[in-house]
Amino acid sequence: MSSLPAPTYDDVADAARRIEGFAHRTPVLTSRTADEIAGASLFFKCENFQRMGAFKFRGAYNAISHFDDRQRAAGVITYSSVITHRLLRCPRSSPASARPSSCPRTRPPQRWQRRTATAAK
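Note that the structure is predicted; figures quoted are calculated from it, not measured. Numbering of residues begins from 1 in every chain and follows the order in which that chain's sequence is written. Two thresholds apply to this predicted model, a pLDDT of at least 70 for residue-level local features and 80 or more for giving and counting side-chain atom pairs, whereas whole-chain, interface and lining totals are computed over all residues. Think of the side-chain values as coming from all heavy atoms in the structure, minus any hydrogens and water.

**Observations regarding the overall build of the protein**
Now for step 1: A tally of regular secondary structure across the protein gives six helices and four strands.
Now for step 2: Secondary structure follows DSSP: runs of H or I at least 4 residues long count as helices, runs of E at least 2 residues long count as strands, and numbering of each begins at the N terminus. Start at the N end of the protein and walk to the C end: the helices and strands fall as α-β-α-β-α-α-β-α-β-α.
Now for step 3: Looking at the protein as a whole, 31% of its 121 residues are labelled buried.
Now for step 4: In the protein, the proportion of contacts linking residues at least 24 apart, taken out of those at least 6 apart, comes to 49%. Burial classification: accessible surface area is computed with a 1.4 Å probe over protein chains only, and a residue below 20% of its type maximum counts as buried, one above 50% as exposed, and the rest as partly exposed. Here, residues are in contact when the closest pair of their heavy atoms is within 4.5 Å.

Here you go:
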């Protein structure tokens, strides 16, 4: 298996520019109670406030935004519980055409219901 090079500061800055206006700026919160229990200053990055409720939106959007016109036209096939599938079903936020997605059969029934609600027509 080949390994990918570690991202540089410039890679991160470029990704931030690509997702600007599409990904929400999520807050970093603190808790005096948690700090006291831990004996340290803790910072919580609240990605549950992100679109689709997860940090995966940022990575998926950034990755797909690298597609050329031919790749965009071909679309994306995902294997995802919900997040990437939902990103691709949202035309205003997706830089690529959606294609079928495959989901694990073992996921909870409520996740199947959410996926069905956003399924392609």
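There's more to say after this.
**Here we look at helix α1 (residues 9–19)**
Now for step 1: Of all the positions in α1, only A13, A15 and I19 are classed as buried. The buried residues of α1 all sit within an arc of 160° when viewed along its axis, so they share a single face. Along α1, exposed side chains directed more than 90 degrees from the buried face belong to D10 and R17.
Now for step 2: Where α1 is buried, its residues touch α3 (56–64).
Now for step 3: Just downstream of α1 lies G21, where phi reads positive at about 90°. The directions from the helix axis to the C-beta atoms form the arc being described.

**Some points on the packing of aromatic side chains**
Aromatic ring pairs are described here by two measures, namely the spacing of the ring centres and the angle between the planes.
Now for step 1: The rule is short: rings of Phe, Tyr and Trp, with Trp giving its six-membered ring, pair when the centres are within 6.5 Å, and they are stacked under 30 degrees, edge-to-face over 60, tilted in between. Evaluated as defined, the whole model comprises one aromatic pair.
Now for step 2: Taken together, a centroid distance of 4.7 Å and an interplanar angle of 25° make the contact between F22 and Y61 stacked. On the criterion of sequence distance, the pair formed by F22 in the loop between α1 and β1 (28–29) and Y61 in helix α3 is long-range, its members being 39 residues apart.
Now for step 3: Classification of F22 as partly exposed rests on a relative accessible area of 27%.

That's the geometry; what it means functionally is another story.
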